[in-house]
Amino acid sequence: LIFNFLLFRGKIQIPQRFLKPWLLFDGIYQMSKLASDELKQKRRLDEFTRKMIQIRREMKQKDEITMKKCLLDYMIEISDSNPNDFNEDDIVDEACTFMLAGQDSVGAAVAFTIFLLAQNPDCQERCMDEIERIFGSDDRAPNMQDLREMRYLEMCIKESLRLYPSVPLIARKLGEEVRLSKFTLPAGSNIFICPFATHRLPDIYPDPEKFDPERFSPENSEKRNPYAFLAFSAGPRYCIGNRFAIMEIKTVISRLLRSYHILPVAGKTNINPVFRITLRASGGLWVHLKSRENNKLVELSS
C-alpha cells in the first residue's frame, strides 16, 4: 500500500511540467514548489527501497529466504560480488526503474488488451484456440516455451499497444543536430515524440482505428519501418524490459482466457483515453467474465 501511494504521488506530479510549459526550463522549474515536492518524493522512494534492501539482506543472513528469490535478491548478490561496479545506490536506481516503469505500464497494457479482446470476439476465439493447442487439458502454469508459442496472442497485445500505448508521449534530448524535411533541430533540443499519434498515421497503418492483430504478423511486420511501432520506444533507448513485459502480459491474459470468456458490457464499449504519464481510460474499462466451467457471470472494471 505504501509503495503504491509513493508511485501514485510521483505520477501525479510529473504531468504538471507538460501542462505548464514554463516549467520545462530547468532554471525556472528548480525554483518551483513542484521541484521541491519531486525531490521529497524521490527521497521517500529511495528510503523505502533502501529499507527493503536491508530487510532482504537480514533475511539472507538469517537464511530465511526459503521461497524463490526475488529480483532484489539477485541485485544484492551482484552488488556483494562486485561492490565497485554495482553498489547500493545502483541497486536503488535499478529497483526504482523496475517499480516505476514496470508496474503501471504493464497494468495498462493488460487492461486495454482485455477490453479490446472483449470487443473483438473473433480475435479472442483465435487466442483461445492457440491456448488450447498449447495446454490441452493441462492446468499447469505457462513455461517459457508455452509463452513463445503464444504468437497470435502477442499480435493482439501489440495491436492493443499500437492503439493505446502505455506511454503515449516520450521525451528525448538530441545528442546531435537532426534534419527533418525543411527543418533543422539543433543538438541539445528537448523534443517530444507521440507514439499515440504515430500509431494512427494512415499511410503506415491503413484504417488505423480498427483493431487488426494481423498488422503484426511476421510478414506484415517485415515490411514496416522499425520506427513505426514505438510502444517500447526505439533505437538505443529502446525499453530494456520489453520482452519481459510481453511475457508478463501473456501470462496474465492467457490465464484469464483459460478460465473465462471475456464479454463486453452494454453501454461501456467506448474508450476515453486520458494522459497521466501512462495512458488511462476515463471512467474505466469494463468487461464481463463468464466462467468457462459453470457459465457464472462476473463484472470486472479497471
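Anything mentioned here points back to the structure above.
A brief report on the enclosed structure follows. (Residues numbered from 1 in each chain as written. Predicted model: local features only at pLDDT ≥ 70, side-chain atom pairs only at ≥ 80, totals over all residues. Heavy atoms only, no water.)

A count of helices and strands for the protein gives 13 helices and nine strands. Reported as C-alpha extents along the three principal axes, the dimensions of the protein are approximately 65 × 55 × 35 Å. A total of 302 residues make up the protein; the buried ones form 38% of that total. Distance between charge centres in the protein, computed from 44 positive and 41 negative side chains, equals 5 Å. (Helix = DSSP H or I, 4+ residues; strand = E, 2+ residues; numbered from the N terminus. Buried < 20%, exposed > 50% of the residue type's maximum accessible area, 1.4 Å probe, protein only. Lys, Arg positive; Asp, Glu negative; His and termini not counted. Charge placed at Lys NZ, Arg CZ, Asp CG, Glu CD.)

Glancing now at the pattern of salt bridges. One pass over the full model with this rule turns up 19 salt bridges. Across the pair K158 and E154 runs a salt bridge whose closest N-O atoms are separated by 3.3 Å. Remark: E154 and K158 occur in helix 10 (residues 151-163); sequence separation between them is four residues, near one turn of the helix. By relative accessible area, K158 is classed as partly exposed at 24%. Overall, the relative accessible area of 12% leaves E154 in the buried class. (Salt bridge = Lys/Arg side-chain N within 4 Å of Asp/Glu carboxyl O.)

Outside of glycine, negative phi angles account for most residues, and trans bonds account for most peptide bonds. The phi torsion at S181 lies on the positive side, around 55°, for a residue other than glycine. Tracing the chain through its elements places S181 in the loop between strand 2 (178-180) and strand 3 (183-185). On the basis of relative accessibility, which here comes to 65%, the residue S181 falls in the exposed class. Phi angles above zero are rare outside glycine, and S233 is one such case at about 65°. Position of S233 relative to the elements: it lies in the loop between helix 12 (218-223) and helix 13 (242-259). S233 gets classed as buried once you look at its relative accessible area, which sits at 11%.

Counting residues in hydrophobic clusters, the biggest one holds 47 residues, and the most contacted among them are F112, L161, I253, L257, I262 and I271. Those elements that place two or more of their residues in this core are helix 7 (104-119), helix 8 (121-135), helix 10, helix 13, strand 7 (278-281) and strand 8 (286-291). The leading source of residues in this core is helix 7, at 11 residues. Counting residues in hydrophobic clusters, the runner-up holds 11 residues, among them M75, F86, I91 and C96. (Core = buried A, V, L, I, M, F, W, Y, C linked by side-chain atoms within 4.5 Å.)

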